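# Geometric and topological summary
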Number of protein chains: 2
Amino acid sequence: MERLPGFRDFYPEPLPTRDLWSSDARRHLFETWRRVAGRYGFREYDGPPLEPLELFTTKSGSEIVGQLYNFKDKGDREVALRPEMTPTLARMAAAHERNYRKPIKWFAIPQLFRYERQQKGRLREHFQFNADIIGESSPEADAELIALLIDSLRALGLTAEDFRIRLSSREAWQHFYASAHADPTREYEFFQVVDKLERETPEHTDAKLRALGLSLERVQEVIAASRPTDHLQRILDNLAARGLTDFVALDYRVIRGLAYYTGTVFEAFDRKGEFRAIAGGGRYDNLIKLLSGGKSDMPALGFGMGDVVLTELLNKRGLLSETAVGPMVYCLIEEESWRPASLGLVQKLRDAGLACEFALTPMKSDKQFKRAQELGVRFTIRLEGAPDRVKLRDLKERRDETLEAGQAIEVIQRATR
Amino acid sequence: MERLPGFRDFYPEPLPTRDLWSSDARRHLFETWRRVAGRYGFREYDGPPLEPLELFTTKSGSEIVGQLYNFKDKGDREVALRPEMTPTLARMAAAHERNYRKPIKWFAIPQLFRYERQQKGRLREHFQFNADIIGESSPEADAELIALLIDSLRALGLTAEDFRIRLSSREAWQHFYASAHADPTREYEFFQVVDKLERETPEHTDAKLRALGLSLERVQEVIAASRPTDHLQRILDNLAARGLTDFVALDYRVIRGLAYYTGTVFEAFDRKGEFRAIAGGGRYDNLIKLLSGGKSDMPALGFGMGDVVLTELLNKRGLLSETAVGPMVYCLIEEESWRPASLGLVQKLRDAGLACEFALTPMKSDKQFKRAQELGVRFTIRLEGAPDRVKLRDLKERRDETLEAGQAIEVIQRATR
C-alpha cells in the first residue's frame with residue numbers, strides 16, 4: 001500500500017534514496033525555529049488540524065473550498081483540514097485576549113493541507129513556521145517580526161548573500177490607486193495585477209491596467225521611485241538600529257496575493273532567484289474582527305515560512321548535511337557472560353543523559369566495533385574485568401583510558417559540551 | 001466560531017482557565033520523549049496524518065471504519081485521518097527495510113484521531129509517543145523497549161512509587177487455552193474475556209468462560225500462579241541487570257484488546273489506580289507481513305504512550321508546574337532617544353542565544369520594570385550613558401553591575417547554564 005500522492009514520509013538519515021525526506025533535517029528546522037522564536041519572546045500555541053469549514057470560508061470566501069481537504073464528519077459537521085493557521089490563531093486569540101498582555105507574540109509550527117487537483121507532483125501538505133504579533137499597530141511591531149524572520153533564516157546558516165526580505169506596503173498602492181481616481185470597487189483587482197507583474201508579460205499587464213484606467217508605465221514609476229511610506233521608513237530605521245539593514249530592501253513589486261492584508265507586506269527570497277518565496281507575511285489589521293464575528297478587534301501582523309522551499313534552498317547550500325543526531329557511545333560486550341554487567345553500564349550512561357547503543361543480541365567483537373564506527377559514535381566503552389572498571393576509547397582523539405565508570409561518564413560529558 | 005468538539009487548543013502559560021491545555025507542558029512532554037528516545041538510540045520518523053483507508057481496515061477489519069475520520073477526497077480516494085501509527089510504520093519500514101540495519105529502533109510522536117460518536121466529552125485526538133523495535137525476535141529487544149518506556153516516565157519525574165509496568169504474554173494464555181482443549185477458533189474471544197476481567201463482574205466473566213468450556217476459577221489459577229514464560233523470564237532478568245526491577249511486575253491479567261499481538265504484552269499503570277493505562281504495547285510478529293502484503297516479514301514490538309492520561313497524572317503529581325520557558329533578560333529603555341542603541345543591545349543579546357524581551361513602544365520605566373517581573377526574567381539590562389556600557393541587574397541575586405555589553409552577556413550565559 002502506498003502513501004497518498006502529495007504526502008511525505010520522513011525517514012531517519014542516512015536516507016535510502018534521494019527523493020525521500022529527512023526526519024533529522026525536519027527536526028533541525030523545527031528546533032531552530034523554536035529556539036529563535038524563544039529568543040524573541042514568542043510563545044508557542046497550537047490548534048486542531050481539523051476545523052469547522054466555515055472558519056476558512058469566512059476568511060477566504062467559498063472559492064477556497066475547491067482547494068481544501070473538506071468533508072462532512074459523522075456528526076454531520078462540515079469540516080476541513082487547515083490550509084493555513086491564521087484563522088485558528090484569530091479564533092484562539094479572540095477567545096482569550098483579556099488573559100494575555102498585549103502585544104501578544106505567538107508562534108506555531110502547524111502542518112497545513114491543500115488539495116489542488118491540477119498540480120501533479122506538487123505537495124498537498126507542508127509544515128509552516130507561523131509567527132504573529134497581535135494588538136500593536138506601530139511599525140515597531142513590524143520590525144520586531146521581520147527581525148525574527150531574518151534571524152530564523154540566519155540561525156539556519158543563511159547570510160545576507162543568500163536571502164533578502166523585500167519590504168512593501170499596500171498603503172503606497174492604495175494611495176496611488178486613489179490618486180489616480182480609478183474605480184474604488186476594483187482596488188483589489190488592481191493589487192492582483194501588481195502581484196502578477198513579475199510572472200506575466202508586460203503587454204498582458206498593461207492591457208489589464210488600462211482596463212482599470214491605469215498603465216504599466218505609471219505603475220513602474222511607483223516601483224522605480226521606491227519612496228518608503230512613513231510606516232515603512234520607521235521599520236527600516238528600526239531594523240537599521242538592530243544592524244539588519246543588509247537583509248532588507250524596499251520593493252513595491254511585492255504586494256501579496258491574499259485579500260486581507262492591510263498595510264505592510266513582505267516576502268523573503270533567495271538572492272539568486274532560484275526558488276519560490278521562502279516566506280511571506282504582512283499586516284492584517286481587520287481580520288481578527290472579521291473572524292471573531294466582531295467579538296475582538298485587534299491590529300495584527302504575521303508571517304508564514306514553509307518547510308519545503310526552505311529545505312530545498314538549505315540543501316542546495318549544503319546547510320542540512322549534518323543534522324542527524326546519532327548515539328555518542330557504543331558499549332562493547334566482549335563476552336556474553338559480561339552482558340548483565342554491561343547492561344548495568346549502559347543504564348548508567350543513559351541515566352547520565354548520554355546516548356548509548358550496544359548489540360542487543362550476541363555479536364562478534366569486531367562486528368560490534370564496526371557497527372560503532374558506522375553509527376559514527378565518538379566513544380566506545382567496555383567493561384575491564386574488575387567491577388566498575390571500564391576501558392574508554394575516544395575514536396576522535398584516538399586515545400584509550402581505563403577508568404571508573406563515573407569518571408568515564410565525566411570524560412564523555414566534557415567532550416559533548 | 002468554536003473549535004470542533006473533542007479537539008484541543010494549546011495555549012501558552014499561564015493558562016487563562018483551568019480547562020485549557022498548555023502548549024508549554026506539551027513541549028515539555030515532547031522534548032522529554034525525544035531526549036530519552038535519543039539516549040536509547042531510537043531515531044525519529046513520521047508519516048502523513050492522512051492515509052488510504054485500506055491501510056487501517058487491512059489491519060483492524062472494516063469495523064474500525066465506524067471509529068474513524070474517513071472520507072472520500074477530491075480524487076475519489078477513500079482516506080482516513082490516522083487512528084494509530086503502527087500501520088504507517090509497517091508501510092514505511094517495509095518499503096526501505098534493506099536500507100536500515102536491523103534491529104530498526106524508531107520512534108514518532110504523531111497526532112492520532114478517532115471519531116467515536118457516543119463518547120461525549122471525550123477527546124477525538126491525542127498525541128502519542130510511539131517506539132518500536134523491528135527485526136529482532138529475542139527477549140533482549142522486549143527488554144530494551146520496556147526500559148525505554150520506564151525511563152521515559154522517570155525522566156518526567158515519576159518514580160517506582162508512581163507507576164509500574166505490568167508484564168504479560170499471550171503465549172502463556174495460548175498455552176493454557178490449548179491445554180484446556182477449548183475450541184481453537186474462539187481463542188481471540190477468550191483473550192477478550194481476560195482483557196475485560198477487571199472491568200466486569202465475576203459472574204458475567206464466569207458465564208462467558210463457561211460458554212468456552214472454561215471457568216473463572218481456572219483462569220484465576222493461572223493469574224495467581226504467575227510463573228513467567230521463558231521469554232518473560234529473560235525480559236525480567238535483563239531489566240534486573242539494568243536495575244529496573246522495581247518498575248516491573250508480572251501480571252497475566254494484562255492481555256491487551258487488539259487482535260494482532262503475538263507474545264509479550266504490557267501496560268504502564270499509575271500505582272494508585274486513579275487513571276486509565278498510561279501506555280501499552282507488545283509484540284506483533286506477524287503484522288508487518290500482513291500490512292506489507294507479504295513484501296516484508298519481520299518480527300516487531302512497540303508501545304504507545306498518549307499525552308492525555310499522562311498529562312492528567314503529571315498534573316496530579318505537580319510535575320508540570322514549571323514547564324513555561326519565558327525570556328531570561330528584559331531590556332529597559334529609560335529614554336526614547338536611547339531606543340535605537342537599545343535595539344542594538346537587544347540584537348546583541350539575542351545573537352548570543354539569549355531570550356530577551358523589551359517594550360516595543362514607549363512605556364514608563366516603572367511599568368517596564370513591572371513587566372519584566374511579571375515575565376519572571378532573571379535579569380534586566382539597560383544602557384548606561386556611554387556606548388557599550390550597560391547596567392545589569394540580577395533579580396535573583398539582587399545585584400547590580402555596570403559592565404560592557406559583552407561582559408554582561410557572559411554573566412547571563414553563566415547564570416543560564
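Everything that follows concerns the structure shown earlier in this document.
Report follows, based on the coordinates. (Residues numbered from 1 in each chain as written. Chains lettered and ligands numbered in written order. Predicted model: local features only at pLDDT ≥ 70, side-chain atom pairs only at ≥ 80, totals over all residues. Heavy atoms only, no water.)

### What about the relation of the copies chain B and chain A?
What relates the pair of chain copies is a rotation about an axis plus a shift along that axis. Mapping chain B onto chain A calls for a rotation angle of 180° and an axial translation of 0.0 Å; the resulting RMSD is 0.0 Å. Here the transformation between the copies is reduced to the relation of a two-fold axis. Residue B:Phe71, judged by its C-alpha, is the member of chain B lying nearest the rotation axis, at 3.2 Å. An overlap of 100% is found between the interface residues of chain B and their copies at the interface of chain A, pointing to a shared contact surface. (Least-squares fit on C-alpha atoms with pLDDT ≥ 70 in both. Contact = heavy atoms within 4.5 Å.)

### Focus on the environment of B:Arg234
All names here are of chain B. With respect to the helices and strands, the residue arginine 234 is situated in helix α9 (residues 230-241). Since its relative accessible area comes to 46%, arginine 234 is described here as partly exposed. Placed 29 residues apart in sequence, arginine 234 and threonine 205 show a C-alpha to C-alpha distance of 32 Å. With residues near it in sequence (within four places) discarded, arginine 234 still touches Pro139 and Glu140. (Helix = DSSP H or I, 4+ residues; strand = E, 2+ residues; numbered from the N terminus. Buried < 20%, exposed > 50% of the residue type's maximum accessible area, 1.4 Å probe, protein only.)

### Quick look at the sheet that holds strand β5 (residues 70-72) of chain B
Residue and element names in this part refer to chain B. Spatial strand order, β4-β6-β5: three strands in an open sheet with antiparallel pairing. Each edge of the open sheet carries a strand with a single partner, namely β4 (50-52) and β5. The mean angle between the axes of side-by-side strands here comes to 35°, regardless of whether they run parallel or antiparallel. Where β5 lies against strand β6 (residues 78-81), three bridges are found, and the strand directions are antiparallel. Bridging from a neighbouring strand, asparagine 70 pairs with alanine 80 of β6. Contacts from helix α2 (residues 53-60) reach β4, β5 and β6, with the element oriented near 65° to β4. (Pairing = 2+ DSSP bridges. Axes fitted to C-alpha atoms, helices over the stretch in contact; angles between N-to-C directions.)

### Observations regarding the side chain of B:Asp206
Mapped onto the elements, B:Asp206 comes out in helix α7 (residues 202-211). When neighbours within four sequence positions are excluded, B:Asp206 is seen to be in contact with B:Ser215 and B:Leu216.

### Quick notes on the sheet that holds strand β4 (residues 50-52) of chain A
Residues and elements named next belong to chain A. Reading across the sheet, the three strands line up as β4-β6-β5 and stay open at both edges, with antiparallel pairing between neighbours. Across the chains shown, the open sheet's two edge strands, defined by having one partner strand only, are β4 and β5 (70-72). For this sheet, the mean angle separating the axes of adjacent strands, direction not counted, is 35°.

### Thoughts on the packing of aromatic side chains
Two measures describe an aromatic ring pair: the distance that separates the ring centres and the angle between the ring planes. The full count for this structure, using the stated rule, is 47 aromatic pairs over all chains. Each ring, one from A:Phe10 and one from A:Phe127, has its centre 6.0 Å from the other, and the planes form 65°; the classification is edge-to-face. Remark: A:Phe127 occurs in strand β9 (residues 125-134) and A:Phe10 occurs in strand β1 (residues 10-11); sequence separation between them is 117 residues. Exposure class is identical for A:Phe10 and A:Phe127. Each is buried. When the centroid spacing of 5.8 Å and the interplanar angle of 75° are considered together, the rings of A:Tyr11 and B:Trp106 count as edge-to-face. (Phe/Tyr/Trp six-rings, centres within 6.5 Å; stacked < 30°, edge-to-face > 60°.)

### Let's talk about the pattern of salt bridges
Taken as a whole, this structure holds 82 salt bridges over all chains when the rule is applied. With its nearest N and O atoms 2.8 Å apart, the salt bridge here joins B:Glu374 to A:Arg101. With B:Glu374 in helix α13 (residues 365-375) and A:Arg101 in the loop between α3 (86-96) and β7 (104-108), this residue pair bridges two chains. With relative accessibility at 38%, the residue B:Glu374 sits in the partly exposed group. The partner of B:Glu189 in a salt bridge is B:Arg186, and the shortest N-O contact between them spans 2.9 Å. According to the relative accessible area criterion, B:Glu189 is partly exposed, its value standing at 37%. On the basis of relative accessibility, which here comes to 26%, the residue B:Arg186 falls in the partly exposed class. Connected through shared salt-bridge partners, A:Lys105, A:Glu144, A:Arg242, B:Arg350 and B:Glu357 make up one network. (Salt bridge = Lys/Arg side-chain N within 4 Å of Asp/Glu carboxyl O.)

### A look at helix α1 (residues 23-39) of chain B
Residues and elements named next belong to chain B. The end-to-end C-alpha distance of α1, which contains 17 residues, comes to 24 Å, matching closely the 24 Å that a straight helix rising 1.5 Å per residue would cover. Counting buried positions along α1 gives 12 out of 17 residues, so the element sits mostly inside the fold. Residues of α1 that are buried include every one of Ser23, Asp24, Ala25, Arg26, Arg27, Leu29, Phe30, Thr32, Trp33, Val36, Ala37 and Arg39, and no others. You can read the cap of α1 off the contacts: a side-chain oxygen lies 3.1 Å from the backbone nitrogen of aspartate 24, and it is on serine 22. Positive backbone phi, approximately 75°, marks glycine 41, located one or two places after α1. (Expected span 1.5 Å × (residues − 1). Polar contact = N/O pair within 3.5 Å; in protein donor to acceptor, adjacent residues only side chain to side chain.)

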